[in-house]
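In case you want the letters, here they are:
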Amino acid sequence: MKITMVGTGSAFAKRFDNNNALIEVDEFRLLVDCGITLPRALHEMDIQFVDLDAVLISHIHGDHVGGLEELAFQMMFKFKRKPVLYLAQQLIKPLWENTLRGGLTQESLSRLEHFFIVKPLETGKQYELAPGLIVELIQTKHIIDKDSFSFLFNSRFFYSADMRFDGQLLQKLVDGGVETIYHDCQIETPAVVHAGLDELLTLPESIQKKLWLMHYGDGIDEYRGKTGSMRIVEQRKSYNV
Ligand SMILES: [Zn+2]
Ligand SMILES: [Zn+2]
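Residues numbered from 1 in each chain as written. Chains lettered and ligands numbered in written order. Predicted model: local features only at pLDDT ≥ 70, side-chain atom pairs only at ≥ 80, totals over all residues. Heavy atoms only, no water.

**With respect to the coordination of the zinc ion (ligand 2)**
Each donor-metal-donor angle in an ideal tetrahedron of four donors is 109.5 degrees, and each such angle in an ideal octahedron of six donors is either 90 or 180 degrees.
And step 1. Donor atoms from the polypeptide that coordinate the zinc ion (ligand 2) comprise His59 (NE2), His61 (ND1), His142 (NE2) and Asp162 (OD), at 2.2 to 2.3 Å from the metal.
And step 2. Seen from the zinc ion (ligand 2), its four donor atoms lie at angles of 91 to 159 degrees, and the figure they make is irregular.
And step 3. Coordination of the zinc ion (ligand 2) draws on donor residues from a single chain, spaced H-x1-H-x80-H-x19-D in sequence.
And step 4. The distance between the zinc ion (ligand 2) and the zinc ion (ligand 1) comes to 3.6 Å, with aspartate 162 serving as a donor to both metals. Residue histidine 142 is located in the loop between strand E8 (133–139) and strand E9 (149–153), and its partner aspartate 162 is located in the loop between strand E10 (157–159) and helix H6 (167–175); the two are separated by 20 residues in the primary sequence.
And step 5. Using a relative accessible area of 2% as the deciding quantity, one classes histidine 142 as buried.
And step 6. Aspartate 162 gets classed as buried once you look at its relative accessible area, which sits at 1%. (Donors = N, O, S within 2.8 Å, 3.2 Å for Na, K, Ca; no water. Tetrahedral: all angles 85-135°; square planar, octahedral: opposite > 155°, others 65-115°. Helix = DSSP H or I, 4+ residues; strand = E, 2+ residues; numbered from the N terminus. Buried < 20%, exposed > 50% of the residue type's maximum accessible area, 1.4 Å probe, protein only.)

**A word on the confidence of the model for the protein**
If pLDDT is low for a region, its predicted coordinates should not be looked at in detail.
And step 1. When pLDDT is averaged along the protein, the result is 97; 100% of the residues meet or exceed 70.
And step 2. By mean pLDDT, helix H7 (residues 197–200) is the weakest element of the protein at 97, and strand E4 (residues 54–56) is the strongest at 99. (pLDDT = per-residue confidence, 0-100.)

**Focus: the coordination of the zinc ion (ligand 1)**
And step 1. Protein-derived coordination of the zinc ion (ligand 1) comes from Asp63 (OD), His64 (NE2), Asp162 (OD) and His215 (NE2), at a distance range of 2.1 to 2.2 Å.
And step 2. Coordination at the zinc ion (ligand 1) is irregular, judged from the four donor atoms that bind it and the angles of 87 to 160 degrees they form at the metal.

**Things to note about empty space enclosed by the protein**
Left-over empty space is what a probe sized like a water molecule reveals as it rolls over the atoms.
And step 1. Under the counting rule described, the total for this entry stands at one cavity of 30 Å³ or more.
And step 2. For the largest cavity, the calculated volume is near 40 Å³.
And step 3. For the largest cavity, the full set of lining residues is Phe49, Leu52, Asp53, Ala54, Val55, Leu71, Met75, Arg81, Pro83 and Val84.
And step 4. Going through the elements one at a time, E4 and helix H3 (68–78) are the ones with two or more residues in the lining of the largest cavity.
And step 5. In the lining of the largest cavity, the residues fall into eight nonpolar, no polar and two charged. (1 Å grid on protein atoms, 1.4 Å probe; cavity = no way out; pocket = protein on both sides within 12 Å on 5 of 7 lines; lining within 4 Å. Points joined across faces, edges and corners; volume = space filled by probe spheres on them. Nonpolar A, V, L, I, M, F, W, Y, C, P; charged D, E, K, R; others polar.)

**Examining H6**
And step 1. For H6, the set of buried residues is Leu169, Leu170, Leu173 and Val174. The arc enclosing the buried residues of H6, seen along the axis, measures out at 130 degrees, which places them on a common side. In H6, those exposed residues whose orientation departs by more than 90 degrees from the buried face are Gln168, Lys172 and Asp175.
And step 2. One or two steps after H6, the chain reaches glycine 177, where phi turns positive at roughly 110 degrees. (Arc of directions from axis to C-beta.)

**Focus: the pairing of E8**
And step 1. Most of E8 is tucked away: five of the seven residues are buried.
And step 2. Following strand E7 (residues 126–130), the chain reverses through two residues before pairing antiparallel with E8; glycine 132 in that reversal takes a positive phi of roughly 85 degrees.
And step 3. With five bridges connecting them, E8 and E9 associate as antiparallel partners. Looking across to E9, one finds that glutamate 136 is bridged to leucine 152. (Pairing = 2+ DSSP bridges.)

**Description of the pattern of salt bridges**
And step 1. Overall, the coordinates contain 10 salt bridges when judged by the stated rule.
And step 2. Of the charged contacts in the structure, one is a salt bridge between glutamate 44 and arginine 236, with a shortest N-O distance of 3.3 Å. Here arginine 236 lies in the loop between strand E13 (231–232) and strand E14 (238–240) and glutamate 44 lies in helix H1 (residues 38–44), a separation of 192 residues in the sequence.
And step 3. By relative accessible area, which is 27% here, arginine 236 ends up partly exposed. (Salt bridge = Lys/Arg side-chain N within 4 Å of Asp/Glu carboxyl O.)

Okay, structure coming up:
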C-alpha cells in the first residue's frame, strides 16, 4: 500500500496542513481524517472529493474532522454521490451532535446517514475496506474522556493519529509483526496530549528504526538530525508501507 500525507502538521501548524493521509491500494483511495485544511490541500494535489472511495475518522478534533462539512456538501450537491464514512461506533453521535449538525442540517436532512454511508467499526475486529486493505481500530489515549482511535493496517502498519506516548503498546505491536509506525510527535515540551519527541527518543532502537514522525509543529527543521533513528514523514511525498 502507498501512503501520502496530505498534511503532516500539528493542530496549530501553519507551514504544514492538517495531519491527514491518503492511502492507496490498487485503485482504492482511502482518506484518513479530514481536517480544516483538507479541502484546500486536496485541491492543491489535484484530487477531488469524488475521487475518494472512503473516509476513515480517528477522533473529533478540527484538524481531523473540520473538513467533513464541505466534503458532505460537495458530495451531495456537486457530485451527487454519498461518501462512505468509516468510524468507531462511539464517534457517530458526537460527530453529528457536536460537530456537523449545525452546518449540515437543512429541511429534511437531519442525520449523519443523510449525508454519508456510515460504516460503524468496533475495536479489535478486522475490516476489509478493499481487497488488500484491512484495518483494525485500537482505542488509544489522547484527551481524557474523549474517544480516540489509532489504526492498524494489514497487521503491519500502525498509524497513531493522535495519542499520548504508550511505549508498551508500541513494543507489543512490533512484537506482533508491525513493520512501520507513523506516530504523532510533539516537538515542544512538555507533550501533554501527544507523544513528545523526548518520550519517543526513550524507545529502543529496534522500535525507533520502524518509526516515522508526523503531526509536528512548524519548528520541525530545528530537530532534523536530532530524532534518533526515527525518520520524519514529509508532507505530500508518497511512501510504500
Ligand atoms: Zn491532531
Ligand atoms: Zn487530536
